[in-house]
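A structural walkthrough
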Amino acid sequence: MACMEWSLARSMQSMLPMDTVAMPETHRVTSTETGRVLIADDQMHVLDALQMLLSGCGLGTEAVTHPASVLRAVATGLFDAVLMDLNFTRATVEGEEGLELVSRIRSMDNLLPVVVMTAWSSVDLAVEAMRRFASDFIQKPWENQDLLQKLQNQLSWARSRRRAQRQRDEELQEASEIQASLLPKKLPEVAGYQLAALTQPLRFVGGDYYNVVRISERHAALCIADVAGKGLPAALLMSSLQAALKPLILERLAPHELCHRLNRILCDLTPVGKFISFFYAVLDSVDNRLTYCNAGHNPPLLIRVDGTSTELKAAGAVLGQFPRWLYEQSQLRMRSGDRLLLFTDGLVEACNANEEAFGEQNLIRIAGDNPGSSALDLMGLLMRAAGQHSGEHFQDDASLIVLKATEKGAISDGDGGAE
């Protein structure tokens, strides 16, 4: 470490007065920097000695004397480490302000090294600071070599952690972009129907999946899935589902047969303890018939134009666990103004501060209160309501598809129903 002689710095420190002297709020020392250190202490002779020592080692410094100034400086993101005293001469319990400052710095930047300084008589205070995730501590009066070594260790550690963090962020961003490419960029047009869909992953990537595919002039396939778990593991399994499902959709299989074949594929790919809930339907837009199979998924809701609702309940097991399971399918007829809501549990299980779930009843109520809304508008209403209920803090991935039968496309009231 190319530094000035520690003995010189130490002798300069000993020449400074020991009484606290009034000083400006900040005082900068510029140098050829190998890092920037924020120094916080309310004694001028301590700040001068530390700045002389650190600047002699090529470190840029800025000194502040008040906890509020520390927080403002940390918020700029310009510093590579904080070197701070735990005792400020304020009207607080001894060390209380310094400990609170450590906690607040850590909440602002969990990778920023915070090295605390305290007197020999206050070792317990340093221990408490470490419990609050201070990076290291130095006792006063300090040994220059020890202080520099500890600070350099923390700077090296922080640089390494930030490089790793940037690499993880880049990888997650790439994963997010790849996952987004697996979802439909644009929903197909289906004569007589409106479609809208949205997914909101809890993290960069998630385990929800949906798709709408035109498979003939009169037929469209709709599906929604939810992989057990969150984050990258769920996203990887979701990508396996998408890869296996795509060619099966193009074969125009009946829903129960598609689920049967998809399940057998996924049973070979799904790790123990993991599974996928799945709903698949084929809509005939000419006779307005929806044929569907529910493999352990949240029952979609059919909201009739008169406000009554029907659940499309599961009649099959989740995918990836039971290779010999035989799936069944059901049918219903869509009427003018009907809305079909397909969703994952992250939407209805979004909880408020009292741990109360948003619930299916709110989906039914909002859809019933807005019979004239388009599919896109209704989707927005439902997602916003769930977000407001949870304080904009979903606890899981949340996805929603809204299918609305328009006046021209679906049969009139009284001409059909669930079969």
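Data block above holds the structure.
Residues numbered from 1 in each chain as written. Predicted model: local features only at pLDDT ≥ 70, side-chain atom pairs only at ≥ 80, totals over all residues. Heavy atoms only, no water.

Another point: the sheet that holds strand E16 (residues 398-405). Ordered in space as E7-E16-E15-E12-E13, the five strands form an open sheet in which the pairing is antiparallel. Lying at the two open borders of the sheet, with one neighbouring strand each, are strand E7 (193-200) and strand E13 (309-311). On average, each strand axis in the sheet is inclined to that of its neighbour by 15°, with strand direction left out of account. Sheet analysis places E7 next to E16, joined by eight bridges and oriented antiparallel. Looking across to E16, one finds that Ala197 is bridged to Ile401. Its contacts with the sheet put helix H10 (residues 360-369) on strand E12 (301-303), E13 and strand E15 (339-343), and the angle it makes with E12 is roughly 25°. Together, E7, E15 and E16 form the strand contacts of helix H11 (residues 375-389), whose direction differs from that of E7 by roughly 30°. (Pairing = 2+ DSSP bridges. Helix = DSSP H or I, 4+ residues; strand = E, 2+ residues; numbered from the N terminus. Axes fitted to C-alpha atoms, helices over the stretch in contact; angles between N-to-C directions. Contact = heavy atoms within 4.5 Å.)

Attention now moves to the sheet that holds strand E11 (residues 289-295). Sheet architecture is open: five strands sit in the order E8-E9-E10-E11-E14, paired in antiparallel fashion. Each having just a single partner strand, strand E8 (208-214) and strand E14 (330-333) make up the two edges of the open sheet. The sheet shows a mean angle of 15° between the axes of neighbouring strands, taken without regard to direction.

Next up on the list: the pairing of E8. The element E8 is largely enclosed, with a buried count of six among its seven residues. Pairing of E8 with strand E9 (residues 219-227), which is carried by seven bridges, proceeds in the antiparallel orientation. Along E9, the bridge assignment pairs Arg214 with Ala220. (Buried < 20%, exposed > 50% of the residue type's maximum accessible area, 1.4 Å probe, protein only.)

For helix H6 (residues 144-182), spanning 39 residues, the distance from its first C-alpha to its last is 57 Å, which sits close to the expected 57 Å at 1.5 Å a residue. Among the residues of H6, Asn144, Leu147, Leu148, Leu151, Gln154, Leu155, Ala158, Ala175, Gln179 and Leu182 are the ones counted as buried. (Expected span 1.5 Å × (residues − 1).)

This next bit is on unusual backbone geometry. The linkage connecting Lys140 with the following residue, Pro141, adopts the cis geometry, with an omega of -5°. Within the secondary structure layout, Pro141 lies in the loop between strand E6 (136-140) and H6. Residues other than glycine seldom take positive phi values, yet Glu355 does so here, at roughly 65°. Since its relative accessible area comes to 62%, Glu355 is described here as exposed. The backbone of Glu392 sits at a positive phi, close to 60°, despite the residue not being glycine.

Moving on to the packing of aromatic side chains. Under the criterion given, the structure shown has four aromatic pairs. Between Phe279 and Tyr292, the ring centres sit 5.6 Å apart and the planes meet at 25°, which makes this aromatic pair stacked. In this pair, Phe279 is assigned in strand E10 (residues 276-284) and Tyr292 in strand E11, connecting sequence segments 13 residues apart. On the basis of relative accessible area, Tyr292 is assigned to the buried category, the value being 10%. Plain terms: the ring middles of Phe322 and Trp325 are 6.0 Å apart, the flat faces sit at 50° to each other, and that makes the pair tilted. Judged by relative accessible area, which is 42%, Phe322 ranks as partly exposed. (Phe/Tyr/Trp six-rings, centres within 6.5 Å; stacked < 30°, edge-to-face > 60°.)

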